Amino acid sequence: MDELKNLVSLPDTEIDCSDTPELDNWNETVIDKFYRPVKQTITIRLDADVVSWLKNGGKGYQSRANAILRQVMKQQGQPRKAA
């Protein structure tokens, strides 16, 4: 524990990184591999045929619905504020 406290107090310029390998190829870098957004429980009303379609894909229909909504969210970007 004392070792961690000592490291935290060091300025970045004094930390020895000489044994850290250089990363030359960033093309295969995985971003957000361990990122897990916080889930929020909500109640939402969906058409019965939409729920049936989601459930026909097997277990994990809520995760599929989330993935679909996330894809649309990314395509549309930030929502515009109402005037």
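Residues numbered from 1 in each chain as written. Predicted model: local features only at pLDDT ≥ 70, side-chain atom pairs only at ≥ 80, totals over all residues. Heavy atoms only, no water.

As a further point, take the packing of helix α2 (residues 48-55) against helix α3 (residues 61-76). For the pair α2 and α3, interaxial distance at closest approach is 8 Å and the crossing angle is 110°. One finds that α2 runs roughly perpendicular with respect to α3. Every residue of α3 that contacts α2 at Trp53, Leu54 and Lys55 is listed here: Tyr61, Arg64, Ala65 and Ile68. Looking at the contact of α2 with α3 residue by residue, the class counts come to five nonpolar, no polar and two charged. (Axes fitted to C-alpha atoms, helices over the stretch in contact; angles between N-to-C directions. Helix = DSSP H or I, 4+ residues; strand = E, 2+ residues; numbered from the N terminus. Parallel < 35°, antiparallel > 145°, perpendicular 65-115°, else oblique. Contact = heavy atoms within 4.5 Å. Nonpolar A, V, L, I, M, F, W, Y, C, P; charged D, E, K, R; others polar.)

Here we come to the packing of aromatic side chains. Inspection of every chain in the model, using the stated rule, returns zero aromatic pairs. The ring of Tyr61 carries Lys55 above its face, with NZ or CZ at 5.1 Å from the centroid. (Phe/Tyr/Trp six-rings, centres within 6.5 Å; stacked < 30°, edge-to-face > 60°. Lys NZ or Arg CZ within 6 Å of the ring centre and 35° of its normal.)

In this section: α3. With 16 residues, α3 should reach 22 Å at 1.5 Å per residue; the first-to-last C-alpha distance of 23 Å fits that figure. Gly77 occupies a position one or two residues after α3 and carries a positive phi of about 75°. (Expected span 1.5 Å × (residues − 1).)

Next up on the list: the confidence of the model for the chain. Per-residue confidence for the chain gives a mean pLDDT of 88, with 96% of residues at or over 70. For the chain, helix α1 (residues 2-9) is the element with the lowest average pLDDT, namely 84, and α2 is the one with the highest, namely 97. (pLDDT = per-residue confidence, 0-100.)

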